[in-house]
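Tertiary structure, described
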Amino acid sequence: MRLKNALLLTGIFCFLCAGYLSAQTISKEELTYLTSEWKGERFPDGRPKVADDLLTRAKKIGIDDAWTVLKNLGYINQFELGWKTVNDLPITGRAMTAMFMPSRPDIERNIKERGSKQGRIGNTNAWPIDALGKGDIYVADGFGKIAGGTLMGSTLATSIFTKSGNGVVFDGAARDVQGLAEIQGFNAFVRDFHPSFLEEMLLMGLNTPIRIGKVMVLPGDLVIGGRIGVLFVPAHLAEQVVATAEFVTLKDKFGFEVIKAGRYTTGQVDSQWTDPIKVDFLKWLDQHPDEGKMTRAQLDVMMSKRTW
(Lines give C-alpha, C1' and ligand atoms only; values in the text may rest on other atoms or scores of the structure.)
Protein backbone atom coordinates (compact mmCIF):
# COMPACT_ATOMS: atom_id res chain seq x y z
CA MET A 1 0.00 0.00 0.00
CA ARG A 2 2.83 2.41 0.86
CA LEU A 3 4.51 1.63 -2.46
CA LYS A 4 1.24 2.22 -4.30
CA ASN A 5 0.75 5.57 -2.57
CA ALA A 6 4.33 6.56 -3.29
CA LEU A 7 3.88 5.74 -6.95
CA LEU A 8 0.65 7.73 -7.00
CA LEU A 9 2.34 10.77 -5.47
CA THR A 10 5.18 10.42 -7.96
CA GLY A 11 2.67 10.31 -10.77
CA ILE A 12 0.96 13.45 -9.50
CA PHE A 13 4.31 15.22 -9.22
CA CYS A 14 5.22 14.22 -12.76
CA PHE A 15 1.79 15.36 -13.93
CA LEU A 16 2.37 18.77 -12.38
CA CYS A 17 5.80 19.04 -13.91
CA ALA A 18 4.71 17.84 -17.32
CA GLY A 19 1.42 19.69 -17.44
CA TYR A 20 1.83 22.91 -15.50
CA LEU A 21 5.51 23.70 -15.85
CA SER A 22 5.63 23.02 -19.55
CA ALA A 23 2.69 25.31 -20.39
CA GLN A 24 1.42 22.43 -22.51
CA THR A 25 -1.67 20.29 -22.36
CA ILE A 26 -1.48 17.22 -20.17
CA SER A 27 -1.54 13.91 -21.98
CA LYS A 28 -4.79 12.47 -23.27
CA GLU A 29 -4.23 9.45 -21.03
CA GLU A 30 -3.83 11.59 -17.91
CA LEU A 31 -6.90 13.68 -18.67
CA THR A 32 -8.92 10.55 -19.44
CA TYR A 33 -7.87 9.14 -16.07
CA LEU A 34 -8.81 12.31 -14.19
CA THR A 35 -12.23 12.38 -15.87
CA SER A 36 -12.75 8.61 -15.86
CA GLU A 37 -16.40 8.85 -14.79
CA TRP A 38 -17.19 10.37 -18.18
CA LYS A 39 -18.21 7.54 -20.52
CA GLY A 40 -19.10 9.53 -23.61
CA GLU A 41 -17.30 10.96 -26.63
CA ARG A 42 -14.03 12.85 -26.16
CA PHE A 43 -12.09 15.42 -28.13
CA PRO A 44 -8.69 14.38 -29.55
CA ASP A 45 -6.99 16.03 -26.55
CA GLY A 46 -8.98 13.85 -24.14
CA ARG A 47 -11.51 16.43 -22.98
CA PRO A 48 -15.03 15.12 -22.40
CA LYS A 49 -17.28 16.27 -25.23
CA VAL A 50 -20.49 17.39 -23.55
CA ALA A 51 -23.16 17.35 -26.26
CA ASP A 52 -23.99 20.58 -28.08
CA ASP A 53 -27.68 20.25 -27.26
CA LEU A 54 -26.84 20.21 -23.54
CA LEU A 55 -24.96 23.48 -23.93
CA THR A 56 -28.10 25.00 -25.47
CA ARG A 57 -30.44 23.51 -22.88
CA ALA A 58 -28.21 24.67 -20.03
CA LYS A 59 -28.85 28.32 -20.99
CA LYS A 60 -32.48 27.93 -19.95
CA ILE A 61 -32.08 26.34 -16.53
CA GLY A 62 -31.70 28.05 -13.20
CA ILE A 63 -28.22 28.07 -11.67
CA ASP A 64 -29.88 27.77 -8.27
CA ASP A 65 -31.58 24.53 -9.32
CA ALA A 66 -28.44 23.11 -10.92
CA TRP A 67 -26.38 24.02 -7.84
CA THR A 68 -28.86 22.22 -5.59
CA VAL A 69 -28.61 19.04 -7.66
CA LEU A 70 -24.82 19.11 -7.43
CA LYS A 71 -24.85 19.84 -3.71
CA ASN A 72 -27.17 16.92 -2.99
CA LEU A 73 -24.85 14.68 -5.01
CA GLY A 74 -21.93 15.71 -2.79
CA TYR A 75 -20.36 18.29 -5.13
CA ILE A 76 -20.37 21.31 -2.84
CA ASN A 77 -17.46 23.35 -4.27
CA GLN A 78 -18.75 24.06 -7.78
CA PHE A 79 -20.02 27.65 -7.62
CA GLU A 80 -18.08 30.91 -7.63
CA LEU A 81 -19.48 34.43 -7.26
CA GLY A 82 -18.02 37.93 -7.19
CA TRP A 83 -17.79 38.66 -10.93
CA LYS A 84 -18.10 41.71 -13.13
CA THR A 85 -19.57 41.15 -16.58
CA VAL A 86 -19.81 42.95 -19.90
CA ASN A 87 -23.59 42.44 -20.09
CA ASP A 88 -26.35 40.17 -18.78
CA LEU A 89 -26.03 37.42 -21.40
CA PRO A 90 -25.77 33.91 -19.91
CA ILE A 91 -22.95 31.76 -21.21
CA THR A 92 -22.70 27.97 -21.34
CA GLY A 93 -19.93 25.85 -22.78
CA ARG A 94 -17.14 23.36 -22.25
CA ALA A 95 -14.20 24.55 -20.17
CA MET A 96 -10.88 25.07 -21.95
CA THR A 97 -8.54 25.92 -19.09
CA ALA A 98 -5.38 27.97 -18.61
CA MET A 99 -3.30 28.68 -15.52
CA PHE A 100 -1.14 31.78 -15.18
CA MET A 101 1.52 32.62 -12.61
CA PRO A 102 3.61 35.70 -11.80
CA SER A 103 6.41 35.79 -14.33
CA ARG A 104 10.00 34.83 -13.55
CA PRO A 105 12.73 35.69 -16.09
CA ASP A 106 14.41 32.30 -16.42
CA ILE A 107 11.15 30.34 -16.70
CA GLU A 108 9.56 32.88 -19.03
CA ARG A 109 12.58 32.71 -21.33
CA ASN A 110 12.45 28.91 -21.45
CA ILE A 111 8.68 28.78 -21.98
CA LYS A 112 8.75 31.31 -24.80
CA GLU A 113 11.78 29.72 -26.50
CA ARG A 114 10.08 26.35 -26.54
CA GLY A 115 6.79 27.92 -27.62
CA SER A 116 8.54 29.54 -30.56
CA LYS A 117 9.96 26.16 -31.61
CA GLN A 118 6.44 24.72 -31.37
CA GLY A 119 5.15 27.43 -33.69
CA ARG A 120 3.37 29.46 -31.02
CA ILE A 121 3.05 33.17 -31.82
CA GLY A 122 2.74 36.19 -29.56
CA ASN A 123 2.63 36.47 -25.79
CA THR A 124 1.61 33.42 -23.79
CA ASN A 125 -1.85 34.82 -23.02
CA ALA A 126 -2.66 34.37 -26.73
CA TRP A 127 -1.72 30.69 -26.79
CA PRO A 128 -4.89 29.32 -25.18
CA ILE A 129 -6.97 31.10 -27.81
CA ASP A 130 -5.37 28.94 -30.51
CA ALA A 131 -6.70 25.83 -28.73
CA LEU A 132 -10.32 27.00 -28.65
CA GLY A 133 -13.09 25.32 -30.61
CA LYS A 134 -16.79 25.99 -31.05
CA GLY A 135 -18.68 25.71 -27.80
CA ASP A 136 -15.60 26.20 -25.61
CA ILE A 137 -15.38 28.72 -22.80
CA TYR A 138 -11.90 30.03 -22.08
CA VAL A 139 -11.49 29.65 -18.29
CA ALA A 140 -8.31 31.18 -16.88
CA ASP A 141 -6.76 31.23 -13.42
CA GLY A 142 -5.14 34.66 -13.39
CA PHE A 143 -4.58 34.46 -9.60
CA GLY A 144 -6.98 37.38 -9.14
CA LYS A 145 -4.61 39.97 -10.57
CA ILE A 146 -6.28 43.23 -11.66
CA ALA A 147 -3.71 45.95 -12.52
CA GLY A 148 -1.45 44.35 -15.12
CA GLY A 149 -3.69 41.28 -15.05
CA THR A 150 -5.79 42.08 -18.11
CA LEU A 151 -5.82 38.80 -20.00
CA MET A 152 -7.63 40.30 -22.98
CA GLY A 153 -8.82 43.45 -24.65
CA SER A 154 -11.23 43.80 -27.54
CA THR A 155 -8.79 42.39 -30.12
CA LEU A 156 -8.17 39.11 -28.27
CA ALA A 157 -11.85 38.95 -27.32
CA THR A 158 -12.79 39.17 -30.99
CA SER A 159 -10.46 36.26 -31.71
CA ILE A 160 -11.89 34.28 -28.78
CA PHE A 161 -15.47 34.82 -29.93
CA THR A 162 -14.61 34.07 -33.56
CA LYS A 163 -13.08 30.72 -32.64
CA SER A 164 -15.47 29.62 -29.90
CA GLY A 165 -18.68 31.57 -30.42
CA ASN A 166 -18.58 31.92 -26.66
CA GLY A 167 -17.35 33.97 -23.71
CA VAL A 168 -14.71 33.76 -21.00
CA VAL A 169 -14.33 33.29 -17.25
CA PHE A 170 -11.16 34.94 -15.92
CA ASP A 171 -10.00 34.93 -12.31
CA GLY A 172 -8.21 38.08 -13.35
CA ALA A 173 -9.07 41.18 -15.35
CA ALA A 174 -9.85 42.48 -18.83
CA ARG A 175 -9.45 45.86 -20.50
CA ASP A 176 -11.39 47.91 -23.07
CA VAL A 177 -14.85 47.15 -21.66
CA GLN A 178 -16.50 49.43 -24.24
CA GLY A 179 -14.94 47.47 -27.08
CA LEU A 180 -15.90 44.17 -25.46
CA ALA A 181 -19.52 45.31 -25.19
CA GLU A 182 -19.62 45.89 -28.95
CA ILE A 183 -18.98 42.19 -29.70
CA GLN A 184 -22.51 40.91 -30.23
CA GLY A 185 -23.21 37.68 -28.33
CA PHE A 186 -20.05 37.88 -26.24
CA ASN A 187 -19.84 38.07 -22.46
CA ALA A 188 -16.96 37.99 -19.98
CA PHE A 189 -16.96 37.07 -16.31
CA VAL A 190 -13.92 38.76 -14.77
CA ARG A 191 -12.88 39.98 -11.34
CA ASP A 192 -12.66 43.54 -12.61
CA PHE A 193 -11.84 45.76 -15.58
CA HIS A 194 -8.67 47.86 -15.71
CA PRO A 195 -7.05 50.14 -18.31
CA SER A 196 -3.58 48.59 -17.96
CA PHE A 197 -1.96 46.14 -20.34
CA LEU A 198 -0.95 42.62 -19.28
CA GLU A 199 2.43 42.45 -17.58
CA GLU A 200 4.43 40.12 -15.34
CA MET A 201 2.18 37.11 -16.02
CA LEU A 202 3.13 33.82 -17.62
CA LEU A 203 1.10 30.88 -18.90
CA MET A 204 2.14 27.80 -16.93
CA GLY A 205 -0.69 25.35 -17.60
CA LEU A 206 -2.82 24.86 -20.69
CA ASN A 207 -5.88 22.59 -20.65
CA THR A 208 -5.03 21.33 -17.16
CA PRO A 209 -6.98 21.27 -13.89
CA ILE A 210 -7.06 24.77 -12.42
CA ARG A 211 -8.54 26.60 -9.45
CA ILE A 212 -11.11 29.36 -9.89
CA GLY A 213 -11.74 30.82 -6.46
CA LYS A 214 -12.95 27.87 -4.38
CA VAL A 215 -13.61 25.60 -7.36
CA MET A 216 -11.45 22.97 -9.04
CA VAL A 217 -12.17 23.21 -12.76
CA LEU A 218 -11.30 20.39 -15.15
CA PRO A 219 -11.05 20.67 -18.92
CA GLY A 220 -14.41 19.73 -20.42
CA ASP A 221 -16.52 20.75 -17.42
CA LEU A 222 -19.88 22.27 -18.32
CA VAL A 223 -19.64 25.99 -17.48
CA ILE A 224 -22.86 27.89 -16.74
CA GLY A 225 -22.47 31.63 -16.22
CA GLY A 226 -25.41 33.79 -15.19
CA ARG A 227 -26.44 36.82 -13.21
CA ILE A 228 -25.58 35.33 -9.80
CA GLY A 229 -22.24 33.77 -10.73
CA VAL A 230 -20.61 30.81 -12.47
CA LEU A 231 -21.34 27.12 -11.91
CA PHE A 232 -18.87 24.44 -13.01
CA VAL A 233 -20.56 21.07 -13.62
CA PRO A 234 -18.40 17.93 -13.92
CA ALA A 235 -18.92 16.56 -17.42
CA HIS A 236 -20.23 13.17 -16.26
CA LEU A 237 -23.03 14.91 -14.33
CA ALA A 238 -24.02 17.39 -17.03
CA GLU A 239 -26.97 15.39 -18.41
CA GLN A 240 -28.36 14.62 -14.95
CA VAL A 241 -27.98 18.18 -13.71
CA VAL A 242 -29.54 19.78 -16.79
CA ALA A 243 -32.42 17.28 -17.03
CA THR A 244 -33.25 17.64 -13.34
CA ALA A 245 -33.08 21.43 -13.45
CA GLU A 246 -35.36 21.40 -16.50
CA PHE A 247 -37.89 19.32 -14.57
CA VAL A 248 -37.70 21.68 -11.60
CA THR A 249 -38.49 24.58 -13.94
CA LEU A 250 -41.54 22.72 -15.27
CA LYS A 251 -42.60 21.77 -11.74
CA ASP A 252 -42.39 25.42 -10.68
CA LYS A 253 -44.43 26.66 -13.66
CA PHE A 254 -47.10 24.06 -12.94
CA GLY A 255 -46.95 24.84 -9.24
CA PHE A 256 -47.40 28.58 -9.75
CA GLU A 257 -50.57 27.96 -11.77
CA VAL A 258 -52.23 25.47 -9.45
CA ILE A 259 -51.36 27.46 -6.30
CA LYS A 260 -52.77 30.67 -7.80
CA ALA A 261 -55.87 28.74 -8.84
CA GLY A 262 -56.25 27.40 -5.30
CA ARG A 263 -56.15 23.76 -6.41
CA TYR A 264 -53.16 22.82 -4.26
CA THR A 265 -51.23 24.37 -1.39
CA THR A 266 -47.55 25.27 -1.41
CA GLY A 267 -46.88 22.39 0.97
CA GLN A 268 -48.50 19.90 -1.39
CA VAL A 269 -46.58 21.14 -4.43
CA ASP A 270 -43.23 21.26 -2.63
CA SER A 271 -43.57 17.77 -1.12
CA GLN A 272 -43.54 14.33 -2.71
CA TRP A 273 -46.48 14.43 -5.09
CA THR A 274 -49.62 12.42 -4.54
CA ASP A 275 -51.12 10.45 -7.43
CA PRO A 276 -53.71 13.17 -8.23
CA ILE A 277 -51.00 15.84 -8.50
CA LYS A 278 -48.98 13.64 -10.85
CA VAL A 279 -52.02 13.08 -13.03
CA ASP A 280 -52.75 16.82 -13.11
CA PHE A 281 -49.11 17.61 -13.96
CA LEU A 282 -49.12 15.23 -16.94
CA LYS A 283 -52.40 16.75 -18.14
CA TRP A 284 -50.82 20.20 -17.78
CA LEU A 285 -47.90 19.09 -19.96
CA ASP A 286 -50.34 17.86 -22.62
CA GLN A 287 -51.94 21.31 -22.57
CA HIS A 288 -48.51 22.97 -22.95
CA PRO A 289 -46.77 20.98 -25.73
CA ASP A 290 -43.99 23.56 -26.03
CA GLU A 291 -42.82 22.58 -22.53
CA GLY A 292 -41.95 19.05 -23.64
CA LYS A 293 -43.30 15.59 -22.93
CA MET A 294 -42.95 13.18 -20.01
CA THR A 295 -44.41 9.76 -19.32
CA ARG A 296 -45.78 8.69 -15.96
CA ALA A 297 -42.85 6.29 -15.61
CA GLN A 298 -40.36 9.09 -16.23
CA LEU A 299 -42.16 11.32 -13.73
CA ASP A 300 -42.13 8.57 -11.09
CA VAL A 301 -38.40 8.07 -11.57
CA MET A 302 -37.73 11.81 -11.33
CA MET A 303 -39.75 12.11 -8.14
CA SER A 304 -38.26 8.97 -6.58
CA LYS A 305 -34.71 10.23 -7.14
CA ARG A 306 -35.47 13.72 -5.93
CA THR A 307 -32.18 15.57 -5.39
CA TRP A 308 -33.55 19.11 -5.47
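Look above for the structure.
Residues numbered from 1 in each chain as written. Predicted model: local features only at pLDDT ≥ 70, side-chain atom pairs only at ≥ 80, totals over all residues. Heavy atoms only, no water.

**Let's talk about the overall build of the protein**
In terms of helices and strands, the protein carries 12 helices and 11 strands. In terms of overall dimensions, the protein has a C-alpha envelope of 70 × 55 × 30 Å along the principal axes. The buried share among the 308 residues of the protein stands at 47%. Split by element, the accessible area of the protein, about 15400 Å² in all, is 57% carbon and sulfur. Each charge class in the protein can be summarised by its mean position, and for the 37 positive and 35 negative side chains these summaries are 3 Å apart. (Helix = DSSP H or I, 4+ residues; strand = E, 2+ residues; numbered from the N terminus. Buried < 20%, exposed > 50% of the residue type's maximum accessible area, 1.4 Å probe, protein only. Areas by Shrake-Rupley, 256 points an atom, 1.4 Å probe, with all protein chains shown as cover. Lys, Arg positive; Asp, Glu negative; His and termini not counted. Charge placed at Lys NZ, Arg CZ, Asp CG, Glu CD.)

**Structural notes on the pattern of salt bridges**
Evaluated as defined, the whole model comprises 20 salt bridges. With a shortest N-O distance of 2.9 Å, Lys 84 and Asp 192 are connected by a salt bridge. Of this pair, Lys 84 sits in strand E2 (residues 84–85) while Asp 192 sits in strand E6 (residues 188–193); the two residues are 108 residues apart in sequence, bridging distant segments of the chain. Put simply, Asp 252 and Lys 251 hold a salt bridge, and the shortest N to O gap is 3.1 Å. Judged by relative accessible area, Lys 251 falls into the buried class, the value being 4%. A cluster of three or more residues bridged by salt bridges with shared partners is formed by Asp 53, Arg 57, Glu 239 and Glu 246. (Salt bridge = Lys/Arg side-chain N within 4 Å of Asp/Glu carboxyl O.)

**What about the packing of aromatic side chains?**
Applying the stated rule across the entire model yields 9 aromatic pairs. Centroid distance Tyr 138 to Phe 170: 4.9 Å. Interplanar angle 80 degrees. Geometry classified as edge-to-face. With a gap of 32 residues between them, Tyr 138 in strand E4 (residues 136–141) and Phe 170 in strand E5 (residues 168–174) connect regions that are remote in the sequence. Residue class for Tyr 138 comes out buried when judged on its relative accessible area of 1%. Classification of Phe 170 by relative accessible area gives buried; the value is 0%. Between Phe 254 and Phe 281 the ring centres are 5.4 Å apart and the planes differ by 80 degrees, which places this aromatic pair in the edge-to-face class. In this pair, Phe 254 sits in helix H9 (residues 238–260) while Phe 281 sits in helix H11 (residues 275–287), placing the two residues 27 residues apart along the sequence. Taken individually, Phe 254 and Phe 281 each receive the classification buried, so the pair is uniform in this respect. (Phe/Tyr/Trp six-rings, centres within 6.5 Å; stacked < 30°, edge-to-face > 60°.)

**A look at the environment of Arg 109**
Within the secondary structure, Arg 109 sits in helix H5 (residues 105–117). Residue Arg 109 is classed as partly exposed on the basis of its relative accessible area, which comes to 46%. Residues Arg 109 and Val 86 lie 23 residues apart in sequence; the distance between their C-alpha atoms is 34 Å.

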